[in-house]
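# Working through the structure, step by step
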Amino acid sequence: MRVVIAEDNVLLSSGLELLLDSQGFEVAAVAADARGFLAAVATHRPDVTIVDVRLPPTFRDEGIRAAVRARRDHPALPVLVLSQYVEQDYAGRLLADTRGGIGYLLKDRVSRVAEFTDALRRVAGGGTAMDPEVVAQLLAARGDPVDALTAREREVLALMAEGHDNATIARRLVITGNAVHKHIGNVFLKLGLAPGDSGHRRVRAVLAHLRRQRALDGHRATPET
């Protein structure tokens, strides 16, 4: 499985390269800026990419903008954003594109190697790997009724966003499968989403909600003629 990394921190990029090599991945290229990342993707056609949000020269959002462009130039390119920050605007655009695998993890919250490599493989396979904190910030930023969720429903939503199925959610929260099913129904009802059966579809529903909200926000901002 070929990987292209966009990370300007030499220590972190070297550590990622050694880690992935030891886990059976092939690191095809490591780029320190957006231009190098786009060139590496075009040259190596990787199975999955890892991208930091902030890259030279301004260290604002060059990385995630490059990820959006890479998916435009190479549809369904799997992208795992690995950053300390949630960049809401471009993150929404990136996550709204449901073609191919997508993930967004926060560096400070990745605590185990196995979880990270499992997330990377899931994204490479066309799945989703979302840090629940990222989902919460994106939803809250768009004025969605997240506050209406109970504490338990937020826990269920967080595990759904990570791609877990009902059985895993029940085991993690030490509740029954019927209780999980009920909480999921309430989450989708309060977020205005139709319930789905699979973990992948449920995360896609959350992302579809973000896409719809962005479209509504854009419509409201358009002046009447």
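Residues numbered from 1 in each chain as written. Predicted model: local features only at pLDDT ≥ 70, side-chain atom pairs only at ≥ 80, totals over all residues. Heavy atoms only, no water.

Whether parallel or antiparallel, the strands of a sheet pair through hydrogen bonds between backbone atoms. If you walk across this open sheet you meet the six strands as β2-β1-β3-β4-β5-β6, and the pairing is parallel. Taken across any chain shown, the strands that pair with only one partner, and hence form the sheet edges, are β2 (26-31) and β6 (128-130). Sheet twist, expressed as the mean angle between neighbouring strand axes with direction ignored, is 20°. With three bridges connecting them, strand β3 (residues 48-51) and strand β4 (residues 79-83) associate as parallel partners. From the neighbouring strand, T49 faces β4, where its bridge partner is V79. Contacting β3, β4 and β5 (102-106), helix α3 (residues 62-73) runs over the sheet at an angle of about 160° to β3. (Pairing = 2+ DSSP bridges. Helix = DSSP H or I, 4+ residues; strand = E, 2+ residues; numbered from the N terminus. Axes fitted to C-alpha atoms, helices over the stretch in contact; angles between N-to-C directions. Contact = heavy atoms within 4.5 Å.)

Once that is clear, we can look at the pairing of β3. Burial along β3 is two-sided: V48 and I50 and T49 and V51, pointing in opposite directions, are all buried. Sheet topology note: the strand β1 (residues 2-6)/β3 ladder contains four bridges and is parallel. Paired with V3 across the strands is V48, a residue of β3. Considered for its hand, the β-α-β crossover made up of β3, α3 and β4 is right-handed. (Buried < 20%, exposed > 50% of the residue type's maximum accessible area, 1.4 Å probe, protein only. Right-handed = clockwise from strand over helix to strand, strands pointing away.)

Attention now goes to the side chain of E7. Here E7 is to be found in the loop between β1 and α1 (10-22). On the basis of relative accessibility, which here comes to 5%, the residue E7 falls in the buried class. Of the polar contacts made by the side chain of E7, one reaches the side chain of K107; its length is 3.0 Å. The contacts of E7, once residues within four sequence positions are left out, are L12, S13, V30, A31, A32, D52, L55 and K107. (Polar contact = N/O pair within 3.5 Å; in protein donor to acceptor, adjacent residues only side chain to side chain.)

Another aspect to go through is helix α7 (residues 151-161). The complete set of buried residues in α7 reads E153, V156, L157, L159, M160 and A161. Immediately downstream of α7, the backbone of G163 shows phi near 95°, a positive value.

With omega at 10°, the peptide bond leading from P56 into P57 counts as cis. In this structure, P57 sits in the loop between β3 and α3. Residues other than glycine seldom take positive phi values, yet R45 does so here, at roughly 45°. Residue position: R45 is located in the loop between α2 (34-44) and β3. The backbone of A76 sits at a positive phi, close to 75°, despite the residue not being glycine. Its location among the elements puts A76 in the loop between α3 and β4. Exposure remark for A76: the relative accessible area of 35% places this residue in the partly exposed category.

Another point: the pattern of salt bridges. Counted according to the given criterion, the structure contains nine salt bridges. Between D47 and R2 there is a salt bridge whose closest N-O contact spans 3.9 Å. Of this pair, D47 sits in the loop between α2 and β3 while R2 sits in strand β1, and the two are 45 residues apart along the sequence. For D52, the salt bridge is made with K107, and the minimal N-O distance between the two is 3.3 Å. With a gap of 55 residues between them, D52 in the loop between β3 and α3 and K107 in the loop between β5 and α5 (113-124) connect regions that are remote in the sequence. (Salt bridge = Lys/Arg side-chain N within 4 Å of Asp/Glu carboxyl O.)

Counting buried residues along β4, five of its five residues qualify, which places the element largely inside the surrounding structure. With burial as the criterion, each face of β4 is covered, one bearing V79, V81 and S83 and the other bearing L80 and L82. Note that β4 and β5 share five bridges and pair parallel. Each bridged residue has a counterpart across the sheet, and for V81 the counterpart in β5 is Y104.

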